[in-house]
Amino acid sequence: MAPAEQAVRRSLELLHMSVFSQSVSPCGRYLAAGNNYGEIAIFSLSAALSSEAKEESKKPVVSFTAHDGPVYALVSTDRQLLSASDGEIKAWNWAEIVKKGCKEAWSRRPPLRSSLEVPEINSLQLNTKVGQLAGAAGGDCAVRVMDLESGAFTHELRGHRDYVHCLALRDQLHQCLSGGEDGTVRLWDLRTGAQVQVIEVHKYEECSRPQNGKWIRCLATDSDWMVCGGGPALTLWHLRSVTPHHRLPRCRPQQHVLFYQDLLLAGGQGPAVHHLQLSGEVKARIPCTPRAVLSLCLNERSPEHKVLTAAGSSPKIDVFTNLGYRAFSLAFA
Amino acid sequence: MGAVTDDEVIRKRLLIDGDGAGDDRRINLLVKSFIKWCNSGSQEEGYSQYQRMLSTLSQCEFSMGKTLLVYDMNLREMENYEKIYKDIENSIAAAHEKISECKKQILQAKRIRKNRQEYDALAKVIQHHPDRHETLKQLEALGKELQHLSHIKENVEDKLELRRKQFHVLLSTIHELQQTLENDEKLSEAEESQETQMETEAKQ
């Protein structure tokens, strides 16, 4: 293809790029981001945050095509980066990636019911204590648990009646929560694989917003409390008594939410990151470049590079050094 | 070597050029006038020239004293600045420490705030439900009423039983009396018919 055509093609790609997932390296100095073309780009946070940062340090250190389909979820273990896409999970060694070697360490496909549909894997969560990986498979409505050491898929948690969008782990109780398109949040026991509880979020008047639908897109949990949002408004729930508490004030459907110190950070369909307090007040609403925020990532592994990065429907990833304002943006190309 | 030292001399001279226009010229003039004075013959001129030279000499000495004082002053200023610099460095280090202390305190305070907010949230939900004491009291009152009413019901039922038994006794006595009366009547009828039979038999 002629270089001019390539350039045009690349700029069109950039226009339509969405970054779906992010993950921080175990040393805390690199950020990996996966987009909808199946590429994973590694950015060096230490270079970008240092005082002599130039334009070049805001571009990826290395960028490679990981999957055929979009990279929906990324998660980091102590030494590897796991990425999930349509029906497969691949692992990459961080040490190799940083030195620009782009070979995958292993790749697994969860066993599927029918070989016609290949369901996408929407979310990955890591349970480091037990060495398990819980991945939510969207298309066939199941949550699959994989053992990291052996690579075998141990449990298949079925119960959702529609796509599963998001996962959260409740470490102390060995449970995981999954939220899906059918509007329910289900709690599963990871040791036995049984469904412990079902919460039908859209049936509670306080949080349901029927005009948006009943899908649950984002979940975050703090072992006692849970925040879930999507179609219904973003609400704080107390898990022991399963009562919804505060409906966090009117905003468009939220796509990703995190617990941080005493705040909730949420991002969704508006071009802003919301800081909310647990009592329900909006503490801040910080504008950012992506038009819709699809992924928020907080780097807690390295105290010098402690930043929040927000990515979404844009080829730029915003970096917030002080949570109050956007410091700069990393660009994907 | 002569050239090198000449260069240095020129450089130094150019450097000190700030004040050199006055002092350097004065020294040159002094030297020239000294030479002239040595070569001159007459007495009064020589004396006035001698006075003039003395005055220029004292002027030179005065300016030298000034520069020495300035030099001293600069040295002491340097020391002062060194001290201030060290003080500032110390306070910077102390401020850094304070900052990290405060950061720790902030974290602690945030944790406390989070706990407080969770507590508030739970408390709100709990408030929705009515007070436990009140419900207990209501339960007690209802229980007492229930007891009272069942007591009354028992009493009423006992009375009813008693009346029923009394009526039963009354009715059965009446029945017996009726039976006895009927029996008596039948007996008396039977006796009368026996008597009339015996009378007819006796007549025949």
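What counts and what doesn't
- Residues numbered from 1 in each chain as written.
- Chains lettered and ligands numbered in written order.
- Predicted model: local features only at pLDDT ≥ 70, side-chain atom pairs only at ≥ 80, totals over all residues.
- Heavy atoms only, no water.
- Helix = DSSP H or I, 4+ residues; strand = E, 2+ residues; numbered from the N terminus.
- Areas by Shrake-Rupley, 256 points an atom, 1.4 Å probe, with all protein chains shown as cover.
- Pairing = 2+ DSSP bridges.
- Axes fitted to C-alpha atoms, helices over the stretch in contact; angles between N-to-C directions.
- Buried < 20%, exposed > 50% of the residue type's maximum accessible area, 1.4 Å probe, protein only.
- Lys, Arg positive; Asp, Glu negative; His and termini not counted.
- Salt bridge = Lys/Arg side-chain N within 4 Å of Asp/Glu carboxyl O.
- Contact = heavy atoms within 4.5 Å.
- UniProt positions renumbered as here; feature names shortened; annotations may be inferred.
- Patch = residues over 30% accessible without salt bridge, like charges linked within 9 Å, V, L, I, M, F, W, Y side chains within 5 Å.
- Core = buried A, V, L, I, M, F, W, Y, C linked by side-chain atoms within 4.5 Å.
- Buried area = accessible area lost by both parts, 1.4 Å probe.
- Nonpolar A, V, L, I, M, F, W, Y, C, P; charged D, E, K, R; others polar.
- Charge placed at Lys NZ, Arg CZ, Asp CG, Glu CD.
- Polar contact = N/O pair within 3.5 Å; in protein donor to acceptor, adjacent residues only side chain to side chain.
- Expected span 1.5 Å × (residues − 1).

Caption draft 1: Local environment of the overall build of chain B. Helix and strand content of chain B: four helices and zero strands. Starting at the N terminus and walking to the C terminus, you meet the elements of chain B as α-α-α-α. As presented, chain B carries roughly 19500 Å² of accessible surface, and 59% of it is formed by carbon and sulfur atoms.

Caption draft 2: How the structure looks around the sheet that holds strand 1 (residues 19-24) of chain A. All names here are of chain A. Strand order in the open sheet made by the four strands is 1-2-3-4, with antiparallel pairing throughout. Each having just a single partner strand, strand 1 and strand 4 (62-65) make up the two edges of the open sheet. On average, adjacent strands in this sheet sit at an angle of 20° to one another, irrespective of strand direction. Bridging between strand 2 (residues 30-35) and strand 3 (residues 39-44) involves five bridges; their strand directions are antiparallel.

Caption draft 3: Examining the sheet that holds strand 9 (residues 121-127) of chain A more closely. Residues and elements named next belong to chain A. What the four strands build is an open sheet, ordered 9-10-11-12; its pairing is antiparallel. At either end of the open sheet lies a strand with only one pairing partner, and these are strand 9 and strand 12 (153-158). This sheet shows a mean twist of 20° between the axes of neighbouring strands, independent of strand direction.

Caption draft 4: Quick peek at the side chain of Glu118 of chain B. Tracing the backbone shows Glu118 of chain B in helix 3 (residues 43-128). Among buried charged residues, Glu118 of chain B stands out as having no salt bridge; its nearest opposite-charge side chain is Lys114 of chain B, 4.3 Å away. Setting aside chain neighbours within four positions, we find Glu118 of chain B in contact with Asp222, Trp225 and Leu278 of chain A.

Caption draft 5: Just the UniProt feature "coiled-coil region" (unreviewed entry) in chain B, in detail. Following the UniProt record, the feature "coiled-coil region" (unreviewed entry) maps to residues 78-105 of chain B here. Helix makes up 100% of residues 78-105 of chain B and strand 0%, and the two end C-alpha atoms of the span are 40 Å apart.

Caption draft 6: Spotlight on a nonpolar patch on the surface. On the surface, Ile27, Val31, Phe34 and Ile35 of chain B cluster together into a nonpolar patch covering about 360 Å² of accessible area. As for its position among the elements, Ile35 of chain B is in helix 2 (residues 17-39).

Caption draft 7: Spatial organisation of the pattern of salt bridges. Residues and elements named next belong to chain A. Here the structure, examined in full by the defined rule, presents nine salt bridges over all chains. A salt bridge links Lys90 to Glu88, with the nearest nitrogen and oxygen atoms 3.9 Å apart. Side by side, Lys90 and Glu88 carry an identical accessibility label, which is buried. Of the charged contacts, one joins Arg158 and Glu156 as a salt bridge, the two residues approaching to 2.6 Å between their closest N and O atoms. A relative accessible area of 29% means that Arg158 is categorised as partly exposed. With a relative accessible area of 33%, Glu156 lands in the partly exposed category. Here the salt bridges share partners, and the residues they tie into one network are Arg9, Arg10, Glu13 and Glu39.

Caption draft 8: Up close: the nonpolar core. Residue and element names in this part refer to chain A. Ranked by size, the top nonpolar core spans 17 residues in total, and within it Leu31, Ala33, Phe43, Ile317, Leu330 and Phe332 carry the most contacts. Those elements that provide at least two residues to this core are strand 1, strand 2, strand 3, helix 2 (45-49), strand 27 (316-320) and strand 28 (328-331). In contact with Leu330, not counting residues within four places along its chain, are Leu31, Phe43, Ala48, Ser57, Lys58, Pro315, Lys316, Ile317 and Val319. Counting 15 residues, the second largest nonpolar core, distinct from the first, contains Cys207, Ile216, Leu219 and Leu239.

Caption draft 9: Spotlight on the interface of chain B and chain A. Each partner contributes residues to the interface: chain B has ten residues there, and chain A has twelve residues. Surface buried jointly by chain B and chain A totals about 1200 Å² across both partners, of which 56% is contributed by carbon and sulfur atoms. Our enumeration of links across chain B and chain A arrives at zero salt bridges. Residues that form the side of chain B that touches chain A fall into these classes: four nonpolar, one polar and five charged.

Caption draft 10: How the structure looks around the pairing of strand 16 (residues 195-200) of chain A. Residues and elements named next belong to chain A. Sheet topology note: the strand 15 (residues 184-189)/strand 16 ladder contains five bridges and is antiparallel. Within the sheet, the bridge partner assigned to Val185 lies in strand 16 and is Ile199. If you look at the hairpin formed by strand 15 and strand 16, you'll find five residues sitting between the two strands, and Gly193 has a positive phi there, around 85°.

Caption draft 11: Representation of a negative patch on the surface. Residues Glu182, Asp184, Glu185, Glu189, Glu191, Glu192, Glu195 and Glu199 of chain B make up a contiguous surface patch of negative charge. Taking relative accessible area as the criterion, Glu185 of chain B reaches 52% and is therefore assigned exposed.

Caption draft 12: Region of the structure containing the side chain of Asn35 of chain A. Residue and element names in this part refer to chain A. One can find Asn35 in strand 2. Given the relative accessible area of 0%, Asn35 is considered buried. A polar atom in the side chain of Asn35 sits 3.0 Å from the backbone nitrogen of Tyr37. Those residues in contact with Asn35, other than ones at most four positions away along the chain, are Met17, Ser18, Val19, Phe20, Pro70, Val71 and Phe332.

Caption draft 13: The arrangement of helix 3 of chain B in detail. In this model, helix 3 of chain B (86 residues) spans 122 Å end to end at C-alpha, consistent with the 128 Å of a helix rising 1.5 Å per residue. Here helix 3 of chain B has its buried residues at Gly46, Gln49, Met53, Thr56, Cys60, Ser63, Lys114, Gln117, Glu118, Ala121 and Val125 of chain B.

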